[in-house]
Amino acid sequence: MKILLTGHKGFIGSHYYDYVKDSHDVTAYDLVNEQDLCRTEIVDQMPQGDVVVHMAATNGTRLFYETPTQVAFNNTLPTFNLIKKYQNTDTKFVFTSTCEIFNGAIDKGIYGVPTDENVPIHFEDIINPRWSYSIPKALGENLVANAGLEYLIIRYFNVYGPRQKDHFISEFVERVAKGEYYIKGDDTRSFCYIDDAVKLTHELVKNTSNEIVNVGREEESQISDVAKCIMDIMGVDPTKLEILPGLKGSAKRRCPDTKKLLSITEPFEYTPLREGLKLTVESLL
């Protein structure tokens, strides 16, 4: 299989690249290599392939609030350009999306948890800078599904692990290392270790077309429990944890329905949360 991979220096993209580089013909693109996919002349030079796996994105909760315009540009223009490049070809287009696109539907009680792929897309406050990431992802899903391409849309649910930056776990580890023991809000999430997410992703890339599929773990965890586990791993008394008010727009609950995923992939055993957290903490210290 000839794979054209965007975002191979990013968190999920780098792990996926490591997973497939020795068994497939992989051509990789990333902004850090001055391959700015916002520029049409860069995308126009890309070769043909069996599949484009589009993982390039500007992601990170802090960035959503601090640089929303740049986040929106970087998560919109590359998708436009790549679709134009491959629209009239036999190349399969894999678009990596996010559970962020339907936060509002869950918080308003419009749809249930665990959440399957039929959930309506809902944004409660259109001017909230948090949606600078998820609105381009929702738009990307619509573009990819209607471009006439063979496609696959993957919705990731809170993937974590080594190399991740600007997300809860990495930021909390940094705070604990500095003697700061607080979290903002105490919502729930379903954390999926990176190795698991990558293996599941490649199974879908090989075997699934014209579908939207959740990739994550159907196990809901309280953020405070995860924080206390990290503190314990780092040798800090978990009772020192302080819970501050959460950020506006943060989902109260998040957990995928994985029935479709596990009906497509081979039988799979997820990495236990504490084991994955231990590996992640060790990689960050």
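Residue numbers run consecutively from 1 along every chain, following the written order of its sequence. Totals for whole chains, interfaces and linings use every residue, but because this is a predicted model, local features are given only for residues with pLDDT of at least 70 and side-chain atom pairs only at 80 or more, for both listing and counting. Neither water nor hydrogens contribute to the side-chain values; these are computed over all heavy atoms in the structure.

Let's talk about the overall build of the protein chain
In terms of regular secondary structure, the protein chain is built from 12 helices and 12 strands. Its C-alpha radius of gyration of 18 Å places the protein chain within 12% of the 19 Å reference for a compact globule of 285 residues. Across its three principal directions, the C-alpha atoms of the protein chain cover 60 × 40 × 40 Å. Taken over 285 residues, the protein chain has a buried fraction of 52%. Comment: elements are numbered from the N terminus, with helices defined as DSSP H or I runs of at least four residues and strands as E runs of at least two. We compute the radius of gyration from the C-alpha atoms alone; for a globule the expected value is 2.2 Å times N to the 0.38, where N is the number of residues. Any residue under 20% of the maximum accessible area for its type is buried, any over 50% is exposed, and the rest in between are partly exposed; the area is computed with a 1.4 Å probe on protein chains only.

Overview of helix H1 (residues 11–20)
Each α-helix turn comprises 3.6 residues. Residues three or four places apart therefore point the same way. Within H1, seven of the 10 residues are buried, which leaves the element mostly enclosed by the surrounding structure. Among the residues making up H1, those that are buried are Phe11, Ile12, Gly13, Ser14, His15, Tyr16 and Val20. The contact criterion used throughout is that any non-hydrogen atoms of two residues lie within 4.5 Å. Buried residues along H1 sit in contact with strand E1 (2–6), strand E2 (25–29), strand E3 (51–54), strand E5 (151–156), strand E6 (159–160) and helix H9 (194–207).

Comments concerning the nonpolar core
Proteins that are soluble and globular tend to have nonpolar side chains buried together. The nonpolar core is taken to be a set of buried Ala, Val, Leu, Ile, Met, Phe, Trp, Tyr and Cys residues, with the residues joined through side-chain atoms within 4.5 Å. The biggest cluster of nonpolar side chains holds 45 residues, and the ones touching the most others in it are Ile3, Tyr16, Val53, Phe172, Val215, Ile230 and Leu277. Leaving out residues up to four positions away in the same chain, Ile3 has contacts with Tyr16, Val20, His24, Asp25, Val26, Thr27, Val51, Val53 and His202. Formed by 18 residues, the second largest nonpolar core is a distinct cluster that contains Leu4, Tyr29, Val52 and Val144.

Details of the pattern of salt bridges
Two side chains with opposite charge may pair up if their charged atoms get near one another. A pair is scored as a salt bridge if a Lys or Arg side-chain nitrogen falls within 4 Å of a carboxyl oxygen belonging to Asp or Glu. This structure, assessed with the given rule, holds 18 salt bridges. With a shortest N-O distance of 3.6 Å, Lys2 and Asp25 are connected by a salt bridge. Residue Lys2 is found in strand E1, and its partner Asp25 is found in strand E2; the two are separated by 23 residues along the sequence. Residue Lys2 is classed as partly exposed on the basis of its relative accessible area of 22%.

Structural notes on the side chain of Glu100
Here Glu100 is to be found in the loop between strand E4 (92–98) and helix H6 (103–107). In protein, a polar contact requires one atom able to donate a hydrogen and another able to accept it; more generally it is a pair of N or O atoms within 3.5 Å, and residues adjacent in sequence count only if both atoms are side-chain atoms. One polar contact links Glu100 to Arg130, side chain to side chain, over a distance of 2.9 Å. A distance of 3.4 Å separates polar atoms of two side chains, one belonging to Glu100 and the other to Arg254. Those residues within four positions of Glu100 in sequence are excluded, and the remaining contacts are Arg130, Trp131, Tyr133, Ser134 and Arg254.

Section: the sheet that holds E4
Each strand in a sheet pairs with another by means of backbone hydrogen bonds, the pair being arranged parallel or else antiparallel. With parallel pairing, the six strands of this open sheet are ordered in space as E2-E1-E3-E4-E5-E10. Because the sheet does not close on itself, it has two edges, and the strands there are E2 and strand E10 (211–215). Across the sheet, the mean angle separating the axes of adjacent strands is 20 degrees when strand polarity is ignored. Judged from the six bridges that link them, E4 and E5 form a sheet pairing that is parallel. Paired with Ser97 across the strands is Arg155, a residue of E5. Strands qualify as paired when DSSP identifies two bridges or more between them. Axes here mean lines fitted to C-alpha atoms, for a helix over just the part in contact, with angles spanning 0 to 180 degrees between N-to-C directions.

Here we look at the side chain of His54
Within the fold, His54 resides in strand E3. We classify His54 as buried; its relative accessible area is 2%. There is a polar contact of 2.7 Å between the side chain of His54 and the side chain of Thr6. Sequence-distant contacts of His54, defined by excluding residues within four places in its chain, comprise Thr6, Pro78, Thr79, Leu82, Phe93, Val94, Phe95 and Thr96.

Details of the pairing of E1
The element E1 is largely enclosed, with a buried count of four among its five residues. Whether a crossover is right-handed depends on one test, that the path from the first strand over the helix to the second runs clockwise when the strands point away from the viewer. Once you follow E1 into H1 and on to E2, the crossover reads as right-handed. Sheet analysis places E1 next to E3, joined by four bridges and oriented parallel. Residue Leu5 lies in a different strand from E3, and its bridge partner there is Val53.

Looking at empty space enclosed by the protein
Only protein atoms enter the 1 Å grid, on which a cavity is a set of points fitting a 1.4 Å probe that cannot get out and a pocket is an open set with protein on both sides within 12 Å along at least 5 of 7 lines, lining residues being those with an atom within 4 Å of a point. Grid points are joined across faces, edges and corners, and a volume is the space filled by probe spheres set on the points. Inspection of every chain in the model, using the stated rule, returns one cavity of 30 Å³ or more. One number sums up the size of the largest cavity: a volume of about 30 Å³. Lining the largest cavity we find Cys99, Phe102, Asn103, Ile106, Thr115, Phe157, Ala251, Arg253, Arg254 and Cys255. Charged means Asp, Glu, Lys or Arg here, nonpolar means Ala, Val, Leu, Ile, Met, Phe, Trp, Tyr, Cys or Pro, and polar covers whatever is left, Gly included. Tallied by class, the residues present in the lining of the largest cavity amount to six nonpolar, two polar and two charged.

Overview of helix H10 (residues 223–233)
Within the sequence span of H10, burial applies to Ile223, Ser224, Val226, Ala227, Cys229, Ile230 and Met231. Positive phi appears at Gly235, one or two residues downstream of H10, with a value of about 75 degrees.

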